[in-house]
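# Coordinates in review
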Amino acid sequence: MISSKELRKYILMNYKEILQYFKENNIKTKGGKEISHKDLRTAVLLMNEKHPLCR
């Protein structure tokens, strides 16, 4: 089971920490490229647009 401290860390990560997590876990785009800061910002903005009530 995940501790509340670890859960908080995952929920409140900044862009740099998220990109580092993706790199460490070899998470890439559909095309197999590394996810860039611009890709991440675009995804977050799109998510906020489509789901404004979610956090």
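Heads up: the structure comes first, above all this text.
Residues numbered from 1 in each chain as written. Predicted model: local features only at pLDDT ≥ 70, side-chain atom pairs only at ≥ 80, totals over all residues. Heavy atoms only, no water.

## Quick word on the overall build of the protein
- For the protein, the count of helices and strands is 3 helices and 0 strands.
- The globule rule puts the C-alpha radius of gyration for 55 residues at 10 Å, and the 13 Å found for the protein is more than 25% above it.
- Overall, the C-alpha framework of the protein stretches about 35 × 30 × 20 Å when taken along its three principal axes.
- For the protein, the proportion of its 55 residues judged to be buried stands at 7%.
- Taken as a whole, the protein presents about 5,500 Å² of accessible surface, with 57% of it coming from carbon and sulfur.
- Seen as two clouds, the 12 positive and the 6 negative side-chain charges of the protein have centres 2 Å apart. (Helix = DSSP H or I, 4+ residues; strand = E, 2+ residues; numbered from the N terminus. Rg over C-alpha atoms; globule rule 2.2 N^0.38 Å. Buried < 20%, exposed > 50% of the residue type's maximum accessible area, 1.4 Å probe, protein only. Areas by Shrake-Rupley, 256 points an atom, 1.4 Å probe, with all protein chains shown as cover. Lys, Arg positive; Asp, Glu negative; His and termini not counted. Charge placed at Lys NZ, Arg CZ, Asp CG, Glu CD.)

## Observations concerning the packing of helix α2 (residues 15–24) against helix α3 (residues 37–50)
- Interaxial distance between α2 and α3 falls to 10 Å at its minimum, and their mutual angle equals 110°. Here α3 runs roughly perpendicular to α2, going by the angle between their axes. Of the two possible hands of crossing, α2 and α3 adopt the one that is right-handed. Counting all contacts with α2, which are made through Y15, I18, L19 and F22, the residues of α3 involved are H37, L40, R41 and V44.
- Its residues assigned to classes, the contact of α2 with α3 comprises 6 nonpolar, 1 polar and 1 charged. (Axes fitted to C-alpha atoms, helices over the stretch in contact; angles between N-to-C directions. Parallel < 35°, antiparallel > 145°, perpendicular 65-115°, else oblique. Left-handed = near helix turned anticlockwise from the far one by under 90°. Contact = heavy atoms within 4.5 Å. Nonpolar A, V, L, I, M, F, W, Y, C, P; charged D, E, K, R; others polar.)

Purely geometric numbers; function is a separate question.
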